[in-house]
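Coordinate analysis (summary)
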Amino acid sequence: MEIVSGGSNWNLVIRREQGGITILRAGTPDQRASLPERLFDIPVTALGNRALAPERQGDHVPAGAEAVQIICGIPEEGAAWDNRCLQDLTLPVGLTGLGDYALLNCSALKTLRIYDGIARWGGGALMNCRGLDVLHLTRTGEDQGEALAWFVGELSRELDVTIYGPGGEPAARLVFPEYTELYEENCPAHHFDYFISGAGYPYHHCFRQKRLSLKEYDALWRDFLGMEHDETAAIRLAWYRLRWPADMGETAEADYRAYLKDHAWEALRLLLEEEDGAGLPLLLELAEPGREALSAACALARELGATASLAALLEEQHRRFPCGLEKSFAL
């Protein structure tokens with residue numbers, strides 16, 4: 001086994017192929033890890049079938065493959081190199097394909113960071129990744145790839161997706177609300193009935209030719225509010241669209257803004273809990289929170305120790321609701 005240094009701890013089994021390296025097996029003890037961009041000055045271009053499946057990690061090296069260990073610091077004594085603790089995974093920029101069940105049973109995985117150049121997703125690549133609900137997607141060119149359409153179509157749970165431009169700057173942050181699919185056996189008719197529940201189904205399918213349509217995404221808003229939905233998801237959806245308003249029309253902007261005005265305190269609480277002090281001035285401008293909402297937000301900022309946000313809130317409170325020192329006399 002060859003040992004090299006890198007940005008994360010990995011036990012790898014790889015195969016050198018024409019055009020790049022395929023990782024056949026990869027196991028890490030880390031909670032947050034990045035697969036290497038290159039090995040032996042060759043780009044990593046593919047993950048094999050069940051490459052990160054925890055139960056597949058072992059010592060066997062197939063014929064024609066080689067074992068490589070990447071060391072970054074000293075892992076905890078007794079830590080298992082089997083991905084069972086892996087919560088945040090970054091895939092290589094040059095990756096173009098994942099094999100069948102590539103991330104099977106990575107049950108602790110919550111956040112996946114990928115690039116838009118992935119064109120091939122194997123069957124069941126995310127099977128049993130039950131905690132995965134955050135995606136960071138970086139575009140490798142000006143045109144959209146198909147990775148987002150595949151990811152959002154594969155998972156029916158609520159998803160938090162941040163899209164970055166080729167230079168790494170945030171371009172959009174989107175919430176895809178949850179929906180459920182249910183098959184019920186209809187015994188007399190000898191078939192299964194298919195039911196969809198939840199307001200999120202149209203959001204997970206607002207793609208045309210596997211490209212996201214933000215106009216269509218925004219057009220779903222009014223119907224979404226008319227259905228049973230999670231209010232927290234609605235607040236996040238409206239705020240993220242206004243925070244990064246890519247391809248947003250005037251009607252959508254007005255609708256989102258009206259919703260934030262009606263839920264100003266909840267929106268302020270969201271920003272304070274997410275520590276988004278940079279976005280606070282914009283929210284104060286858009287939502288125009290009332291006196292009670294500002295007072296509650298000031299109290300929460302003090303509790304969280306968010307001094308910069310507290311200063312901004314106090315300034316807004318003084319600007320919009322100025323009051324002199326109240327005096328009282330008693331004889």
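Residues numbered from 1 in each chain as written. Predicted model: local features only at pLDDT ≥ 70, side-chain atom pairs only at ≥ 80, totals over all residues. Heavy atoms only, no water.

Observations concerning the environment of L35
As for its position among the elements, L35 is in the loop between β4 (32–34) and β5 (38–39). Overall, L35 belongs to the buried group, its relative accessible area being 3%. Linking L35 and G6, residues 29 residues apart in sequence, is a C-alpha distance of 9.3 Å. Contact partners of L35, with chain neighbours within four places excluded, come to W10, L12, I23, A26, L47, L89, T90, L91 and P92. (Helix = DSSP H or I, 4+ residues; strand = E, 2+ residues; numbered from the N terminus. Buried < 20%, exposed > 50% of the residue type's maximum accessible area, 1.4 Å probe, protein only. Contact = heavy atoms within 4.5 Å.)

Digging into the side chain of T162
Mapped onto the secondary structure, T162 falls in strand β13 (residues 159–164). Among residues more than four places away in sequence, those in contact with T162 are L135, H136, L137, A172 and R173.

Some details on the pattern of salt bridges
Counted by the stated rule, this structure contains 21 salt bridges. With a shortest N-O distance of 2.9 Å, D88 and R113 are connected by a salt bridge. Here R113 lies in strand β10 (residues 111–115) and D88 lies in strand β8 (residues 88–90), a separation of 25 residues in the sequence. Judged by its relative accessible area of 10%, D88 is buried. Its salt-bridge partner being D255, residue R222 comes within 2.8 Å of it at the nearest N-O pair. Of this pair, R222 sits in helix α4 (residues 221–225) while D255 sits in helix α6 (residues 250–262), and the two are 33 residues apart along the sequence. When salt bridges with common partners are traced through the structure, they connect E158, D160, R173, R236 and E274 into a single cluster. (Salt bridge = Lys/Arg side-chain N within 4 Å of Asp/Glu carboxyl O.)

Some details on the packing of aromatic side chains
Taken as a whole and assessed by the stated rule, the structure comprises ten aromatic pairs. Their ring planes at 15 degrees and their centres at 6.5 Å tell us that F176 and F207 sit as a pair that is stacked. Note that F176 is positioned in strand β14 (residues 170–176) and F207 in strand β17 (residues 207–208), a separation of 31 residues in sequence. Here Y240 and W244 contribute two aromatic rings whose centre-to-centre distance is 6.5 Å and whose plane-to-plane angle is 50 degrees, an arrangement assigned as tilted. With respect to class, Y240 is no different from W244; both count as buried. Every member of this aromatic cluster is reached through a ring pair, and the members are F176, Y203, F207, Y217, W221, F224, Y256 and Y259. When the ring centre of Y240 is taken as origin, the NZ or CZ atom of R173, which lies over that ring, is 4.1 Å away. (Phe/Tyr/Trp six-rings, centres within 6.5 Å; stacked < 30°, edge-to-face > 60°. Lys NZ or Arg CZ within 6 Å of the ring centre and 35° of its normal.)

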